[in-house]
Amino acid sequence: MNTNDSGKSGTTGGTEVDPVTYEVIRHKLWSINTEGSTTVEHVSGSPVVHATDYNFGIYTATGEMAIIGVYLLTPIYTGAMAIEEFLRRYDDIEEGDVFIINDPYIAAMHQNDVQYCTPVFRDGRIVAWLGCMAHQVDLGGMDPGSWCTTATDVYQEGIRIPPGRIVRKGELNKELWDTIVTNSRVPNTVANDFRAFLAGLRVAGERFHALCDRYGTDVVTAVMARTIDNSEADLREMLRSLPDGVFEHDGYLDRPNGTERAGDEGVELLHVPCTLTKSGDELTFDFSGASPQSPAYGMTTRGGLMGAVATLMLCTFGSEVPWNHGLMRPVNVLAPDGLCVTAVEPMPVSGGAAGANWIATCSGGAALAKLFAFSEEYADLAFGPSDGSWQLCQFGGLDQYGEPFAAMYMDSLLWGGPAFGFRDGVDSGGAMVILGGGATDVEQQESRQPLLYLWRREVVDSGGAGTYRGGNGIQFALTPIDTEEVTGVLGTHGVAVPNRTGIFGGLPGACAKFERVGGSGVLAAYAEGRMVDSLAELDGEHTLLPGVSPSAKIRQGDVFECTVQDGGGYGDPLLRAPEQVAADVAERAVSVAAAERLYGVIVDEAGALDEAATESRRDEIRKQRKEKMQAPADASSGGGSGGGDAQVWGGVLTLSGSGSDLRAACKHCGQSLGSLADGWERLAGRVELGADDLGEHVRVHSDLVTVMYVCPNCQTALWTDTEPKDGRTWRDFALD
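Every residue gets a number counted from 1 within its own chain, in the order that chain's sequence is written. Residues qualify for local features only when their pLDDT is at least 70, as the model is predicted, and side-chain atom pairs are given and counted only at 80 or more; totals for whole chains, interfaces and linings, by contrast, use all residues. The basis for the side-chain values is all heavy atoms of the structure; hydrogens and waters are excluded.

1. Here's the deal with the overall build of the chain
At step 1: Helices and strands together make up the secondary structure of the chain, namely 15 helices and 30 strands.
At step 2: We take the radius of gyration over the C-alpha atoms and set the globule estimate at 2.2 Å times the residue count to the 0.38 power. In terms of overall dimensions, the chain is globule-like: its C-alpha atoms have a radius of gyration of 26 Å, near the 27 Å expected for 736 residues.
At step 3: Across its three principal directions, the C-alpha atoms of the chain cover 75 × 70 × 45 Å.
At step 4: Residue exposure (1.4 Å probe, protein chains only): buried if accessible area is under 20% of the type maximum, exposed if over 50%, otherwise partly exposed. Across the 736 residues in the chain, those meeting the buried criterion constitute 62%.
At step 5: Nonlocal contacts in the chain, meaning residues at least 24 apart in sequence, comprise 71% of its contacts between residues at least 6 apart.
At step 6: Accessible surface, the chain: about 25,900 Å² in total, of which carbon and sulfur atoms supply 47%. The helix count covers DSSP runs of H or I at least four residues long, the strand count covers runs of E at least two residues long, and both are numbered beginning at the N terminus. Contacts are assigned to residue pairs that have any heavy atoms within 4.5 Å of one another. Here, Shrake-Rupley sampling with a 1.4 Å probe gives the accessible areas, and only protein chains in the shown set may cover a residue.

2. Focus: the UniProt feature "domain: Hydantoinase B/oxoprolinase" (unreviewed entry) in the chain
At step 1: This chain's UniProt record puts "domain: Hydantoinase B/oxoprolinase" (unreviewed entry) on residues 18-573.
At step 2: The annotated region residues 18-573 carries 28% helix and 24% strand content, and the separation between its end C-alpha atoms amounts to 52 Å. UniProt positions are given in the numbering used here, feature names are shortened, and annotations may be inferred rather than shown by experiment.

3. Considerations on helix α12 (residues 578-586)
At step 1: Along α12, the residues classified as buried are Pro578, Val581, Ala582, Asp584 and Val585. All buried residues of α12 fall inside an arc of 155° around its axis, so they share one side.
At step 2: Looking at the buried side of α12, the elements it contacts are α13 (592-597) and α14 (611-628).
At step 3: One or two residues past the end of α12 sits arginine 588, with phi positive at roughly 65°. What the arc measures is the spread of directions leading from the helix axis to the C-beta atoms.

4. Concerning the environment of tyrosine 570
At step 1: Here tyrosine 570 lies in the loop between β22 (559-563) and α12.
At step 2: In this structure, the C-alpha to C-alpha distance between tyrosine 570 and valine 548, residues 22 residues apart in sequence, is 30 Å.
At step 3: Ignoring any residue separated from it by four or fewer positions in sequence, one finds tyrosine 570 in contact with Ala382, Ala419, Phe420, Gly421, Gly466, Thr467, Tyr468, Ile503, Phe504, Gly506 and Gly650.

5. A look at a negative patch on the surface
At step 1: Like-charged residues are merged into a patch within 9 Å and nonpolar side chains (Val, Leu, Ile, Met, Phe, Trp, Tyr) within 5 Å, provided each residue has over 30% relative accessible area and no salt bridge. Any Lys or Arg side-chain nitrogen found within 4 Å of a carboxyl oxygen on Asp or Glu counts as a salt bridge. Positive charges are assigned to Lys and Arg, negative charges to Asp and Glu, while His and the chain termini are left out of the count. Every charge is mapped onto a representative atom, which is NZ of Lys, CZ of Arg, CG of Asp or CD of Glu. A cluster of like negative charges, contributed by Glu237, Glu320, Glu376, Glu377 and Asp380, occupies part of the molecular surface.
At step 2: Relative to the helices and strands, aspartate 380 resides in the loop between α9 (356-372) and β14 (392-398).
At step 3: Accessibility expressed as a relative area gives 43% for aspartate 380, which makes it partly exposed.

6. As for the sheet that holds strand β24 (residues 653-656)
At step 1: Paired strands, in this sense, are two strands between which DSSP finds at least two bridges. As summarised here, the arrangement of the 4 strands in space is β23-β24-β25-β26, forming an open sheet in which the pairing is antiparallel. Where the open sheet ends on each side, the last strands, each with one partner, are β23 (647-649) and β26 (672-675). Pairs of neighbouring strands in the sheet enclose a mean axial angle of 25°, with direction left out of account.
At step 2: In this structure, β24 lies alongside strand β25 (residues 663-666), joined through 4 bridges in antiparallel fashion. Following the sheet pairing, serine 656 is matched in β25 by arginine 663. Angular values range over 0 to 180 degrees, each being the angle between N-to-C directions of two axes fitted as lines to C-alpha atoms, with helices fitted over their stretch in contact.

7. Details of the packing of aromatic side chains
At step 1: Two rings from Phe, Tyr or Trp (for Trp, the six-membered ring) form a pair when their centres are within 6.5 Å of each other. A pair whose planes differ by under 30 degrees is stacked, one over 60 is edge-to-face, and the rest are tilted. Applying the stated criterion to the full structure yields 28 aromatic pairs.
At step 2: When the centroid spacing of 5.8 Å and the interplanar angle of 75° are considered together, the rings of tryptophan 358 and tryptophan 415 count as edge-to-face. Placement of tryptophan 358 in helix α9 and of tryptophan 415 in the loop between β15 (404-408) and α10 (442-448) is noted, with a sequence separation of 57 residues between them.
At step 3: A residue is classified by how much of its surface remains accessible, and tryptophan 358, at 7% relative accessible area, is buried.
At step 4: Judged by its relative accessible area of 1%, tryptophan 415 is buried.
At step 5: An aromatic cluster of at least three residues, connected via ring pairs, comprises Phe247, Phe374, Phe504, Tyr570, Trp649, Trp680, Tyr709, Trp719 and Phe733.
At step 6: Here, a charge over a ring is recorded when the distance from Lys NZ or Arg CZ to the ring centre is within 6 Å and its angle to the ring normal is within 35 degrees. Over the ring of tyrosine 90 we find arginine 165, and its NZ or CZ is 5.0 Å from the ring centre.
At step 7: One residue, arginine 457, lies across the ring of tryptophan 455, its end atom 4.3 Å from the ring centre.

8. Observations concerning the pairing of strand β18 (residues 485-491)
On any regular strand, side chains alternate: one points to one face of the sheet, the next to the other face.
At step 1: Taken across its 7 residues, β18 has 5 buried, putting it largely inside the fold.
At step 2: Examined bridge by bridge, β14 and β18 share 6 bridges and lie antiparallel to one another. Residue pairing for β18: glycine 397 is matched across the bridge by valine 486.
At step 3: Sheet topology note: the β18/strand β21 (residues 548-555) ladder contains 6 bridges and is antiparallel.

9. A closer look at the packing of helix α1 (residues 19-43) against helix α6 (residues 187-215)
At step 1: Packing of α1 against α6 brings their axes to within 7 Å, and their N-to-C directions diverge by 160°. It follows from the interaxial angle that α1 and α6 lie roughly antiparallel. Relative to α6, the crossing made by α1 is right-handed. Residue-level inspection shows Thr21, Val24, Ile25, Lys28, Leu29, Ile32, Glu35, Gly36, Thr39, Val40 and Val43 of α1 in contact with α6, the latter providing Asn192, Arg195, Ala196, Phe197, Ala199, Gly200, Val203, Ala204, Arg207, Phe208, Leu211 and Tyr215. Angles are sorted into four bins: roughly parallel if under 35 degrees, roughly antiparallel if over 145, roughly perpendicular if 65 to 115, and oblique for all others. Handedness of a crossing is defined here by the sense of rotation of the near helix relative to the far one, left-handed for an anticlockwise turn of less than a right angle and right-handed for a clockwise turn.

10. A look at the nonpolar core
At step 1: Only buried Ala, Val, Leu, Ile, Met, Phe, Trp, Tyr and Cys residues count toward a nonpolar core, and they belong to the same one when joined by side-chain atoms within 4.5 Å. Core analysis: the biggest nonpolar cluster contains 143 residues, and Tyr116, Phe285, Phe287 and Trp649 have the highest contact counts within it.
At step 2: Setting aside residues no more than four positions away along its own chain, phenylalanine 287 makes contact with Val272, Pro273, Cys274, Leu305, Val309, Val333, Leu334, Ala335, Leu339, Val341 and Ala360.

11. Observations regarding the domain arrangement of the chain
At step 1: One can read the domain layout of the chain as domain 1 (19-229), domain 2 (383-572) and domain 3 (574-735).
At step 2: Bear in mind that the domain bounds are from an automatic or database domain assignment. Taking only C-alpha atoms into account, the centre of domain 1 sits 47 Å from that of domain 3.

12. Describing the pattern of salt bridges
At step 1: Under the criterion given, the structure shown has 44 salt bridges.
At step 2: Note that arginine 576 is salt-bridged to aspartate 424, the shortest N-O span being 2.9 Å. Here the residue arginine 576 occupies a position in the loop between β22 and α12, and aspartate 424 occupies one in the loop between β15 and α10, the gap between them amounting to 152 residues.

13. A few points about the side chain of aspartate 138
At step 1: Tracing the sequence through the fold places aspartate 138 in the loop between β7 (125-135) and β8 (164-168).
At step 2: Here the side chain of aspartate 138 touches glycine 145 through a polar contact of 2.6 Å, landing on its backbone nitrogen.
At step 3: Beyond its immediate sequence surroundings of up to four residues, aspartate 138 is in contact with Asn112, Asp143, Pro144, Gly145, Ser146, Asn183, Ser184, Arg185, Val186 and Val190. Here a polar contact means two N or O atoms within 3.5 Å. Within protein one must be a hydrogen donor candidate and the other an acceptor candidate, and residues neighboring in sequence count only if both atoms are side-chain atoms.

14. Remarks on the sheet that holds β15
At step 1: Strand order in the open sheet formed by 4 strands is β15-β14-β18-β21, and the pairing between neighbours is antiparallel. In this open sheet, the two strands that pair with only one neighbour each are β15 and β21. Averaged over all neighbouring strand pairs, the angle between strand axes comes to 20°, with direction disregarded.

15. Thoughts on unusual backbone geometry
At step 1: Following glutamate 345, the chain continues to proline 346 via a peptide bond in cis, the omega torsion being 10°.
At step 2: Tracing the chain through its elements places proline 346 in the loop between β13 (331-334) and α9.
At step 3: Of note, the phi angle at aspartate 482 is positive, near 60°, even though the residue is not glycine.
At step 4: Turning to its location among the elements, aspartate 482 is positioned in the loop between β17 (474-480) and β18.
At step 5: With a phi close to 55°, phenylalanine 504 is a non-glycine residue in the positive phi region.
At step 6: Examined against the element boundaries, phenylalanine 504 turns out to sit in the loop between β18 and β19 (513-518).
At step 7: Of the residues examined, phenylalanine 504 reaches a relative accessible area of 1% and is grouped as buried.

See the structure below:
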């Protein structure tokens, strides 16, 4: 995230602000927002909030995002949507009002994400808004935790709160407060979160008023407006430096189809394609081709889709430009109502906070990477899908004190990040959706819930292989203790398809997985002083649970394990420096077997490198690719190159010529591939990858196939994608 905005102050709305004052106020606003955020976290006793499933923001008088916290980002744009709705509905807003909303069809991700917003009045007029939200552990509904994986309509998913006042002119609306809290299975936790909201808003409001008292209200609001204007101007300047064209990617939301059949026969694949059009200084994200909505887990509303795109814009462009609402002004989002990314009432959407909207981020992010790959200046912003899936692990039942409990485990935030063209992905902490995120505190959960952690650790080989590898992520295992059983509400996607694809030849990262061992005898082993290090050491019935498991019984003596999705690689794994692979093996990030199979590097367990054997093994892998390769589909491939200045795409293709005479060559060996008139993919060799080519942690649905597109001359990987068996329907790029 870039906060450098110096030298761009000036006159805004008739108010003169000198550069020093501008910077002081801008950074003070950040400080105020951070203090509000910290207050919410410290007052709340919820482990969900402590794991940073919340956020805080300062908005302009019209609801544009001026300052945004670094915590859960996807709902922060719904705060702007909520303020717009409050202003539209009410003409009697007064000082001391605090508004509340959680209606996902208006301005929320799902009912659990409750927004509090309060106007800031100065001299009788609204000059700003403050807003905060946090995921509530339970707000009713058919399942503990309000993630209702078998709901067929929204009315089964918990209380919906329309736009209204929870505080009116400084007086608490006790009737509304009690109605909401009473509908929760954990009323004290929800009530304490609501107190935390009010405390955070009060502290931030006091600091905001003090700032206005010191510098003047007009100066403070001018700074807020100017920083948004500056970000918009900087983003438009960036966009003008990038080529115009269309960039596409297709993602998949996999989930049970209701037949309860085993394996892929029981899995439905929904498409979430993104067509990104870059024209001049504007971006259009078009999701109109997404699958229709259905009464099943994973649908998201338009608020979820807008939050997904906003998260992508803030986190991608925000590394170059101070992030605020200015990064959304040049953006258009297209999609008709009634799709899996724009679900309308009464579709169930409790899973919409981590369902189709996350796949929209994956598709949009991959499309953006294909755009950035044409820019020498901004090529480092190209990365594969960053957040493949949130793995809901919600448990309920009777705790060790005999009291009802509902708890959500946030450990699955510790997935591995995507690789970039200049570095590996982050291990166990690569979340984009919560940049400042943490994870569940083990001791806090064990003291509150009747579940014992057996392990929480990184998984070797779980990051996608590449010239730069994706980050490895974690798995964690739990077993009930001091209770007879707990019921798990489990929900995720990316179980039957690797959502987190690699780019420019990198391989996808690990798929998600839920596993249970019934009657494991683990507590007896512990009583004997014998440690257990893996599920493979346990007796009992081993079961892979479906990606959506609404009532998974975990009895005393059983073990439940969750393994997360992880980031894809960047570039051909055969181009990774052998010394780096050897270091990965020594650090136990890559296994000896994967070093040989995926990277073509021969090392021993200590990481000692055999250079001659490595060269031979890599030659053998290239030969195998050539033997399996389907020839380029375009018979016109090859031939001379067109004139004009050369462009490079992602370090894999060199483009020359212009217009209809645009041609491509392999950047690695210089071989001319042919005309781009029908897409570069038709100029590449096509190698279908099997399980051994992908690694033990990747699953591919039987309706799909993972394809490596290679140079037909040197067999270097240029791109790797998971697509329908009968071929892809999208093109990576088409330049204007």
